[in-house]
Amino acid sequence: MARENITKGVRMGLTSIQGLIAQGRGEAFDYFLGESTTASAFEATKAATIMLLLAEKPVLSVNGNVAALVPKEMVMLANELKAPLEINLFHRTEERVEKIAKLLRSLGAKRVLGENPDVVLPLLDHARAKSTRDGIYDADVVMIPLEDGDRCEALVRMGKKVVAVDLNPLSRTAKMATITIVDNIIRVVPNMIASVREFSCKPIEELQVILSNYDNNHILRQAVKEIRANLDRQFEEKI
Ligand code: PTJ
């Protein structure tokens, strides 16, 4: 279904051609992971949700793959967090930005940014740096699903806390982010929506403790171990 949604996204002009390659890469890692949410990914998802809940100015970034795979769920998550969605494309065309904005609004998004960028992120070439004040540029916490390493690095160097969703635990984005969720975006967003509902009524001090005990390096190591264990298990099952 995910593959169908991505190809449909390309045909509708939401997703870039390069998005198909990213999908293929993601699928390969998802097979290695066992196509399910691992314990470490679940822990990272909970910490990321808490970080977004405690943020002053959280923003959720949407690209062409995210728009094809989980548009409705991203709108729900943004509405639950009372955070804006910002369309932030690597292979930017104004036509694609417009189509994604229209889709998100048709699904009930309250605030969609990215159509009128008014500032550029430092350390990136101009087309890829386009951003919005009061959006990603001013955010303290940014969620960047399926992001390229340079842009993740630029956000971290600006002092932002970055939540990445990337099935490759060894990508530059995965290593640079503050919290990395090594899981498929199609499982992550529903898990985050459930976590928002679980955590939004808990005392702030309790949430702060969970967050201060979180260690992203440990989580990435766990993700690699989980992949290795899954591959070993599958090999043994075959024999
Ligand atoms: O719409 P645009 O122009 O912004 O372009 C978006 C893509 C994704 C094409 C662009 O950002 C890109 O080329 O990204 P990369 O460098 O291919 O990185 C994408 C990362 O996301 C890779 O490490 C993939 O393994 C991972 N990935 C792919 N599909 C999924 C995924 N991670 C989580 N869930 C997925 N479904």
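None of the values given here were measured: they were computed from a predicted structure. (Residues numbered from 1 in each chain as written. Predicted model: local features only at pLDDT ≥ 70, side-chain atom pairs only at ≥ 80, totals over all residues. Heavy atoms only, no water.)

Trainee: Describe the nonpolar core, and please don't skip the residues or the numbers.
Mentor: Leu60, Met74, Leu77, Leu85, Leu104 and Met143 are the most contacted members of the largest nonpolar core, which has 45 residues in total. Counting residues per element, this core draws most heavily on helix H10 (residues 185-199), which supplies 6 residues. Apart from the residues within four sequence positions on either side, Met74 is in contact with Leu60, Ser61, Val62, Val66, Leu85, Met143, Pro145 and Val189. (Core = buried A, V, L, I, M, F, W, Y, C linked by side-chain atoms within 4.5 Å. Buried < 20%, exposed > 50% of the residue type's maximum accessible area, 1.4 Å probe, protein only. Helix = DSSP H or I, 4+ residues; strand = E, 2+ residues; numbered from the N terminus. Contact = heavy atoms within 4.5 Å.)

Trainee: Please provide a residue-by-residue account of the pairing of strand S6 (residues 141-145), values included.
Mentor: Across the 5 residues that make up S6, a large majority, 5, are buried. The alternating pattern of S6 places Val141, Met143 and Pro145 and Val142 and Ile144 on opposite faces, both of which are buried. As judged from the 3 bridges shared by strand S1 (residues 58-62) and S6, these two strands associate in the parallel manner. For Pro58, the partnering residue across the bridge sits in S6 and is Val141. As paired strands, S6 and strand S7 (residues 161-165) are joined by 5 bridges and run parallel to one another. Within S7, the position partnered with Val142 by the bridge is Val162. (Pairing = 2+ DSSP bridges.)

Trainee: Could you give me a rundown of the pairing of S1, with the residues and numbers involved?
Mentor: Judged by how many residues are buried, S1 sits mostly within the fold: 5 of 5 residues are covered. The side-chain alternation of S1 yields two buried faces, one formed by Pro58, Leu60 and Val62 and the other by Val59 and Ser61. Sheet analysis places S1 next to strand S2 (residues 85-87), joined by 3 bridges and oriented parallel. From the neighbouring strand, Val62 faces S2, where its bridge partner is Ile87.

Trainee: Which residues make up the site of the ligand, and what are the values?
Mentor: The environment of the ligand is formed by 22 residues, the closest being Arg25, Gly64, Phe90, Arg96 and Asp166. The separation between an oxygen atom of the ligand and a polar main-chain atom of Gly64 is 2.8 Å. A distance of 3.3 Å separates an oxygen atom of the ligand from a polar backbone atom of Leu146. Coverage of the ligand by the protein amounts to 93% of the 740 Å² it exposes when considered alone. Broken down by secondary-structure element, the contributors of at least two residues to the shell around the ligand are helix H2 (18-33) and helix H4 (64-69). Considering each element in turn, the shell around the ligand owes the most residues, 5 residues, to H2. Partitioning the shell around the ligand into residue classes produces 7 nonpolar, 11 polar and 4 charged. (Near = heavy atom within 4 Å. Polar contact = N/O pair within 3.5 Å; in protein donor to acceptor, adjacent residues only side chain to side chain. Areas by Shrake-Rupley, 256 points an atom, 1.4 Å probe, with all protein chains shown as cover. Nonpolar A, V, L, I, M, F, W, Y, C, P; charged D, E, K, R; others polar.)

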